[in-house]
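Here are the chains, one letter per residue:
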Amino acid sequence: IVEANRSLKNISVIGHSLGGVLARHALSRLYREDGTIAGLTPLQYITLATPHVGVSPTSPSALPFLEWIGGREERLLGNRFQPVKKTLATISPYVGSLAIRRTGSQLFLTDTDGSAGRPLLIDMALNQRFLAPLKAFRRRVAYANVSGDHLVAWQGSALARLHESSPTEDDIFQTG
């Protein structure tokens, strides 16, 4: 495309959900040592609700649909619903891998597609091959849903630490 359109000078990338992960992987292949992406100057890299570090069934904040589906049942059954949630957390990586195959195992961090047998998404968070293209962009933004996203947790989408909780409505709509 770049060769056919010599007037192209800059590139910006926007990825939603899994598209953000796919864009990062593609950028690692298109990045050049001179800091360009396929010969273009990288301007903006933006993701929307992207599971940058996958989903982990060991952390309820990282697999929010377990919290969502258990809300009503937990209120009705109390602690008796905990074993059901634990079972769902245990089987979710296998169900995800069966349902969406290799992508599922990569999202649930059960693959060995990264370097040294690590999960690919962990490798993408640590390996310079994936980080250098992101650093080349003048502006990098990761938008995350504060609530209502039952598949991609705020922490993984916003690249926040797991112990950080999502902002409250008061945090977002401060007055003054």
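Numbering of residues starts from 1 in each chain and follows the order in which that chain's sequence is written. Residue-level local features of this predicted model are given only where pLDDT is at least 70; pairs of side-chain atoms are given and counted only at 80 or more, and the full residue set underlies all totals for whole chains, interfaces and linings. The basis for every side-chain value is the complete set of non-hydrogen atoms in the structure, without hydrogens or water.

**What about a nonpolar patch on the surface?**
- Two distance rules govern patches: like charges are joined within 9 Å, and nonpolar side chains (Val, Leu, Ile, Met, Phe, Trp, Tyr) within 5 Å, applied only to residues with over 30% relative accessible area and no salt bridge. Per-residue accessibility takes into account occlusion by the displayed protein chains alone, with areas from the Shrake-Rupley method and a 1.4 Å probe. Salt bridge, as applied in this entry: a Lys or Arg side-chain nitrogen positioned within 4 Å of an Asp or Glu carboxyl oxygen. Taken together, the side chains of Ile-14, Leu-48 and Tyr-143 make up a nonpolar region of the molecular surface, amounting to roughly 300 Å² of accessible area.
- For the purposes of this entry, the term helix denotes a DSSP run of H or I that reaches at least four residues, the term strand denotes a run of E that reaches at least two, and both are numbered from the N terminus. By the element assignment, Tyr-143 lies in strand β3 (residues 139-143).

**Notes on the side chain of Thr-36**
- Tracing the sequence through the fold places Thr-36 in the loop between α1 (18-30) and β2 (41-48).
- Pairs of N or O atoms are called polar contacts if they sit within 3.5 Å, as long as, within protein, a hydrogen donor faces a hydrogen acceptor (for residues adjacent in sequence, only side-chain-to-side-chain pairs). Within the structure, Thr-36 has its side chain in polar contact with the side chain of Asp-34 (distance 2.6 Å).
- Two residues form a contact once any of their heavy atoms are found within 4.5 Å. In this view, Thr-36 contacts Leu-30, Tyr-31 and Pro-42; residues no more than four positions away in its chain are not counted.

**Description of the pairing of β2**
- Whether two strands pair comes down to DSSP finding at least two bridges between them. Of the strand pairs in this sheet, strand β1 (residues 10-16) and β2 are connected by six bridges, and their pairing is parallel. For Ile-11, the partnering residue across the bridge sits in β2 and is Pro-42.
- In this view, the connection linking β1 to its parallel neighbour β2 by way of α1 has right-handed handedness.
- Here β2 runs beside β3; their pairing, made up of five bridges, is parallel. Looking across to β3, one finds that Thr-47 is bridged to Ala-142. Crossovers are marked right-handed if the path from the first strand over the helix to the second runs clockwise, as seen with the strands pointing away from the viewer.

**Observations regarding the environment of Leu-40**
- By secondary structure assignment, the location of Leu-40 is in the loop between α1 and β2.
- On a C-alpha basis, the gap between Leu-40 and Ser-12 in space is 9.5 Å, while along the polypeptide they are 28 residues apart.
- Setting aside its immediate chain neighbours within four residues, Leu-40 contacts Val-2, Leu-8, Lys-9, Asn-10 and Ile-11.

**Digging into the sheet that holds β2**
- Read across the sheet, three strands follow the order β1-β2-β3 without closing on themselves; strand pairing throughout is parallel. The sheet is open, and its two edges are formed by β1 and β3, each paired on a single side. Geometrically, the sheet is characterised by an average inter-axis angle of 10° between neighbouring strands, direction not taken into account.
- Running over the sheet, α1 touches β1 and β2 and is turned about 145° from β1. For helices, the fitted line uses only the C-alpha atoms of the stretch in contact; every axis is such a line through C-alpha atoms, and the angle between N-to-C directions lies from 0 to 180 degrees.

**Quick word on the environment of Ala-136**
- Residue position: Ala-136 is located in helix α5 (residues 128-136).
- Excluding residues that lie within four positions of it along the chain, Ala-136 makes contacts with Tyr-31, Gly-35 and Pro-42.

**Notes on the packing of aromatic side chains**
- Aromatic rings from Phe, Tyr and Trp, with only the six-membered ring used for Trp, were paired whenever their centres fell within 6.5 Å, and each pair was classed as stacked if the ring planes differed by under 30 degrees, edge-to-face if by over 60, and tilted otherwise. Throughout the structure, instances matching the rule amount to one aromatic pair.
- Consider the rings of Tyr-45 and Phe-137, whose centres lie 5.8 Å apart with planes at 50°: the pair is tilted. Here Tyr-45 is found in strand β2, whereas its partner Phe-137 is found in the loop between α5 and β3, with 92 residues between them in sequence.

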